[in-house]
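Per-entry structural report
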Amino acid sequence: MKQKKKIILIVLFLVFSINSNIFAADIDGTTNLPTIYGKAAITVDVATGEIIYAKNVDKQMYPASTTKLMTALLLAENKKKTDGMKYTESAKSQPASSLNVDVNPIGLDENMTSADVMDGLLMYSANDLAYMIADNISGNSTNFMKMMNDKAAKLNMTGTHFVTPNGLHRDDHYTTPYDMSILSRAAFSNPWVKESMSKKQNTISTSKGTTFKIENTNKLLGEDGCIAGKTGYTSQAERCLVTFYERNGRKIMGVVLGSVMNAGDTYVFNDMKEIIDFSYDLQPTILHTNNSVIKTETLKYKPLGFFGPEKTVSIPLIAKEDVSYYNNEANKKDLQEKISITSIELSTLKENQSIGSLILTEKGKVKTYKLYSTVFKADLVKNDIPLYFVAAGIFILFIIGIVVTIGIINLNKRKRKRSRSKYRR
């Protein structure tokens, strides 16, 4: 019987330990993370810029043809859709995954509209059109490289260096998932670039009537809310993918770098599905619930103004909304809370008047929450009413004392006056 009890206790202990570990892991946000083949990945809320999912977001990676989002952005910023562009020699010299090589030869005397060049760049991922853009905008690829890196610096892409406009491998051509998310959001915010990478099919042509029927290389486009994206591959970079999703009015973008190129080319797309679904389901971790006390400050004041006793009261500070963040390796590393108090005085303690702020810093994101007091001037005045009565009583007694004293002084003066009059007689 004793042996059975021991076994039951051991089993209960193990069950409790396992459940406790699971619960602790859930709190830490490390369970149920998607398993992906990509070596590095990120998802970001498009509207707020907040990182939702993170895996090696600052890891230096080769971007392959996702580079073309920078080329597309520079095209949109320097040309109009109707502008003509000349097909160039450096464009013609590009290898496979070029319209000139894969589909139909293009002559150096042929032109294309900028609109068709943009579609060929982003939908077909044409390597030759990337150099065509570089030559037509800046004269040559060397000048365009400087434009790319200047733009990257302006976007604060601190872990990025571009060499080629199409992303074909160079050892010193690299980025990070975090930087690529910055670039992708900037490109997506440009209406022309967004429109082009959202198309599934199109027919483009040259000035001599050479036509190309092209399809978007993003297999996820149009499925489960995927509204745009850009693919990439080199043997060194492996499979890369950028996508944008919209579900129930909320947009989330994802980047996967260094995934596997398998026979059916499915792994990188499955990776993206995993992290996007995870990101839409994930709830932020709450650091402070709304109306909970975040910090308590001390206020010293004199109820009677410039005189009388000094009182010390505690002033609890609250936010009127949940203070939250997405618990991932990137945000957790940079997470900081800073409280800034503007002014705590009796006159500022009003119900809807903010007296400070909580500044929450994550990776690449700063959120500010207004702080309010739960103690108001009216409450303190009400609590001080007995003191006011005492002060009023003392004041009345003081006035009475003064009146009595004046009366006594006047009475004495009259007595002395009568006395002097009596002696004169």
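This one's a predicted model, so the numbers in the text were calculated from it and none came from an experiment. (Residues numbered from 1 in each chain as written. Predicted model: local features only at pLDDT ≥ 70, side-chain atom pairs only at ≥ 80, totals over all residues. Heavy atoms only, no water.)

1. A few points about the overall build of the chain
Put simply, the rule is: Strands here mean DSSP runs of E at least two residues long; helices mean DSSP runs of H or I at least four residues long; both are numbered from the N terminus. Using a 1.4 Å probe on the protein chains alone, a residue whose accessible area is under 20% of its type maximum counts as buried, one over 50% counts as exposed, and one in between counts as partly exposed. The criterion used for residue contact is that any of the two residues' heavy atoms lie within 4.5 Å.
A count of helical and extended segments in the chain gives 13 helices and 16 strands. Here the chain, with 425 residues, has 43% of them falling under the buried criterion. Restricting the contact set of the chain to residue pairs at least 6 apart, pairs at least 24 apart contribute 65%.

2. Thoughts on the pairing of strand β16 (residues 365-373)
To be explicit about the condition: Here, any two strands with at least 2 DSSP bridges between them count as paired.
Two strands pair when backbone bridges link them, and strand β12 (residues 311-319) and β16 are joined in this way by three bridges, in the antiparallel orientation. By the bridge assignment for β16, Ile318 is matched with Tyr372. Pairing geometry for strand β15 (residues 356-362) and β16, over seven bridges, is antiparallel. The residue of β16 that forms the bridge with Thr361 is Val366. Between β15 and the antiparallel strand that follows it, β16, lie two residues; Gly364 among them carries a positive phi value of about 70 degrees.

3. A word on the side chain of Ser114
The condition that has to hold: Counted as a polar contact is a pair of N or O atoms within 3.5 Å, where, for protein atoms, one must be capable of donating a hydrogen and the other of accepting one, and residues adjacent in sequence contribute only when both atoms are in side chains.
Locating Ser114 in the fold gives a position in helix α5 (residues 114-124). Ser114 gets classed as buried once you look at its relative accessible area, which sits at 0%. Separated by 3.3 Å, the side chain of Ser114 and the backbone oxygen of Lys80 make a polar contact. Excluding residues within four positions of it along the chain, Ser114 makes contact with Leu75, Lys79, Lys80, Lys81, Asp83, Met85 and Trp192.

4. A closer look at the packing of aromatic side chains
As a reminder of what qualifies: Pairing of aromatic side chains requires ring centres within 6.5 Å, counting the rings of Phe and Tyr and the six-membered ring of Trp. Pairs whose planes differ by under 30 degrees are stacked, by over 60 edge-to-face, and all others tilted. Both a distance and an angle decide whether a charge sits over a ring: NZ of Lys or CZ of Arg must be within 6 Å of the ring centre and within 35 degrees of the ring normal.
As enumerated under the stated definition, the model contains three aromatic pairs in all. Taking 4.3 Å as the distance between ring centres and 15 degrees as the angle between the ring planes, the aromatic pair formed by Tyr37 and Tyr267 counts as stacked. Of this pair, Tyr37 sits in the loop between α1 (2-28) and β1 (40-45) while Tyr267 sits in helix α10 (residues 267-281), placing them 230 residues apart in sequence. Directly above the ring of Tyr372 sits Lys320, whose terminal nitrogen or CZ lies 4.3 Å from the centroid.

5. Observations concerning α5
Each turn of an α-helix holds 3.6 residues, which means side chains three or four residues apart point in the same direction. Counting buried positions along α5 gives nine out of 11 residues, so the element sits mostly inside the fold. Considered for burial, the residues of α5 that qualify are Ser114, Asp116, Val117, Met118, Asp119, Gly120, Leu121, Leu122 and Met123. Where α5 ends, the next residue or the one after it, Ser125, has phi of about 65 degrees, a positive value.

6. Quick look at a nonpolar patch on the surface
Heads up, the rule is: Note that patches include only residues with greater than 30% relative accessible area and no salt bridge, and the join distances are 9 Å for like charges and 5 Å for nonpolar side chains (Val, Leu, Ile, Met, Phe, Trp, Tyr). Accessible surface is estimated by sampling points in the Shrake-Rupley manner with a 1.4 Å probe; for residues, cover comes only from the protein chains shown. Salt bridges, as used here, are contacts in which a Lys or Arg side-chain nitrogen is within 4 Å of a carboxyl oxygen on Asp or Glu.
Taken together, the side chains of Ile399, Ile402, Val403 and Ile406 define a hydrophobic patch exposed on the protein surface, amounting to about 320 Å² of accessible area. With respect to the helices and strands, Ile402 occurs in helix α13 (residues 385-424).

7. What to know about the environment of Ser141
One can find Ser141 in helix α7 (residues 141-154). Taking the C-alpha atoms as reference points, Ser141 and Tyr131, separated by 10 residues in sequence, lie 6.7 Å from one another. Excluding anything up to four places from it in sequence, Ser141 contacts Tyr131, Ala134 and Asp135.

8. So, the sheet that holds strand β9 (residues 250-259)
Filter applied, for reference: Axis geometry follows a simple rule: fit a line to the C-alpha atoms, using only the stretch in contact for helices, then measure angles between N-to-C directions, giving values from 0 to 180 degrees.
Spatially, five strands are ordered β2-β1-β9-β8-β7 in an open sheet, and the strand pairing comes out antiparallel. Edge positions in the sheet fall to β2 (51-55) and β7 (226-234), since each of these pairs with one other strand and no more. Adjacent strand axes in the sheet meet at a mean angle of 5 degrees when their direction is disregarded. Of the pairings in the sheet, the one linking strand β8 (residues 238-247) to β9 comprises eight bridges and is antiparallel in character. Across the sheet, residue Arg247 finds its bridge partner in β9, namely Arg250. Running at roughly 140 degrees to β9, α10 makes contact with β1, β2, β7, β8 and β9 of the sheet.

9. Examining the confidence of the model for the chain
Let me state the cut-off plainly: The pLDDT score gives, residue by residue, the confidence of the prediction method on a 0 to 100 scale.
Looking at the chain, pLDDT values average 87 and 83% of them are 70 or higher. Counted against residues more than four places away or in other chains, residues 4-30, with its pLDDT under 50, gives eight contacts.

10. Side note on the pattern of salt bridges
Throughout the structure, instances matching the rule amount to 15 salt bridges. Put simply, Glu50 and Lys367 hold a salt bridge, and the shortest N to O gap is 3.1 Å. With Glu50 in the loop between β1 and β2 and Lys367 in strand β16, this pair connects stretches of sequence that are 317 residues apart. For Lys219, the salt bridge identified is with Asp265, shortest N-O distance 3.8 Å. You can see Lys219 sitting in the loop between β6 (211-215) and β7 and its partner Asp265 sitting in the loop between β9 and α10, a full 46 residues away along the chain.

11. Some words on the environment of Gly38
Among the structural elements, Gly38 can be located in the loop between α1 and β1. Distance from Gly38 to Val260, taken between C-alpha atoms, is 6.9 Å for residues 222 residues apart in sequence. In this structure, Gly38 is in contact with Lys55, Val256, Leu257, Gly258, Ser259 and Asp271, ignoring residues within four places of it in sequence.

12. Details of unusual backbone geometry
Despite not being glycine, Glu238 shows a phi value in the positive range, around 60 degrees. Within the element layout of this structure, Glu238 appears in strand β8. Phi angles above zero are rare outside glycine, and Asp265 is one such case at about 50 degrees. Classification of Asp265 by relative accessible area gives buried; the value is 11%.

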